[in-house]
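Residues per chain are reported as follows:
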Amino acid sequence: MNTRVHVDPAALLPSVLELVREAGTAILGIYASPQQVEYKADDSPLTAADRAAHEILSHGLSRLEPAIPVLSEEAAELHDYAARRGLGQFWLVDPLDGTKEFINRNGEFTVNVALIRDHRPVLGVVSAPALGLTYYAAEGHGAYRLADGSAPEPITVRPAANPLVVVGSRSHRGDSLDALLERIGPCELRPMGSALKFCLVAEGTADFYPRLGPTSEWDTAAAQAVLEVAGGAVTKLDGAALRYNERDTLLNPHFIAFGDKQRNWRQYF
């Protein structure tokens, strides 16, 4: 199935932002109540908030553009490569990225929605409802940071700072990151949960996000769109762009996300 509906991604943004806002409101309603956590077959946590946000987003996106299918972490219909390999475009959704952050109640969890077209994210919304922050972008429209109660602010990456500000996973730091930091030398490590790590680079408050552990495509696509439209890049360790729906797995290879394209980030590998 080769789905082709030629819609300007920027024209879809207002509706997607509203759906993400609704999902965030539902999540916060559950966040404020006693949490019951279940576990999937791979031992990853699942909460009622994941399910509630999935229902809002999957149904809303399907109504917005019925011809564009929705691939969500919480729905298995398109997880099989045979079912998705011919898709020209699709929504890629993580209803609650950073479930461990949600359970630990540190606020660093996000709702992620991306539009994938020709294996690239061309629209992305990353919302952190507990922090009152939303980052969004679409090709041809620019990248923005929206704080509750304020007008949207355009964001852009910065030239690499000295010392570098490196963002890393709060829940999944490993020996490989520590070894990389030793190669980089003096730098500031800023731990952060979920897709917010990309967003710090996109807004110019951090420089570099290396990911040397497992992630899935729905974890990264929306934030990759924000970072790329803001002027940065997300590449595999060989320098090729991180792309989507090209393999029989939804797991990403290791990658690096950065703002300053003039710096040789591969030198550290």
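Our structure's up above, just so we're on the same page.
Residues numbered from 1 in each chain as written. Predicted model: local features only at pLDDT ≥ 70, side-chain atom pairs only at ≥ 80, totals over all residues. Heavy atoms only, no water.

Draft legend 1. Molecular detail of the pairing of strand 4 (residues 89-97). Counting buried positions over the 9 residues of strand 4 gives 9, a clear majority of the element. Of the pairings in the sheet, the one linking strand 4 to strand 5 (residues 110-117) comprises 7 bridges and is antiparallel in character. The residue bridging D94 from the neighbouring strand is N112, located in strand 5. (Buried < 20%, exposed > 50% of the residue type's maximum accessible area, 1.4 Å probe, protein only. Helix = DSSP H or I, 4+ residues; strand = E, 2+ residues; numbered from the N terminus. Pairing = 2+ DSSP bridges.)

Draft legend 2. Expanded view of the packing of aromatic side chains. Scanning the model with the defined rule gives 10 aromatic pairs in all. With a centroid separation of 5.4 Å and 20° between ring planes, the pair formed by Y136 and Y144 is classed as stacked. Considered together, Y136 and Y144 belong to a single accessibility category, that of buried residues. Members of the aromatic cluster, joined through ring pairs, are F208, F258, W265 and Y268. One cation-aromatic arrangement involves R105 over Y31; the distance from NZ or CZ to the ring centre is 4.4 Å. Geometry around W265 places R263 over its ring, the cationic atom sitting 5.3 Å from the centre. (Phe/Tyr/Trp six-rings, centres within 6.5 Å; stacked < 30°, edge-to-face > 60°. Lys NZ or Arg CZ within 6 Å of the ring centre and 35° of its normal.)

Draft legend 3. Geometry of the sheet that holds strand 6 (residues 120-128). The 7 strands are arranged 3-4-5-6-7-8-9 in an open sheet whose pairing can be described as mixed. Bordering the open sheet on either side are strand 3 (70-72) and strand 9 (153-154), each of which pairs with just one other strand. In the packing of helix 1 (residues 9-31) onto the sheet, contacts are made with strand 4, strand 5, strand 6 and strand 7 (133-138), and the angle to strand 6 comes to roughly 30°. Along the sheet, helix 7 (residues 217-229) contacts strand 3, strand 4, strand 5, strand 6, strand 7 and strand 8 (142-147); its crossing angle with strand 6, the most-contacted strand, is approximately 100°. (Contact = heavy atoms within 4.5 Å. Axes fitted to C-alpha atoms, helices over the stretch in contact; angles between N-to-C directions.)

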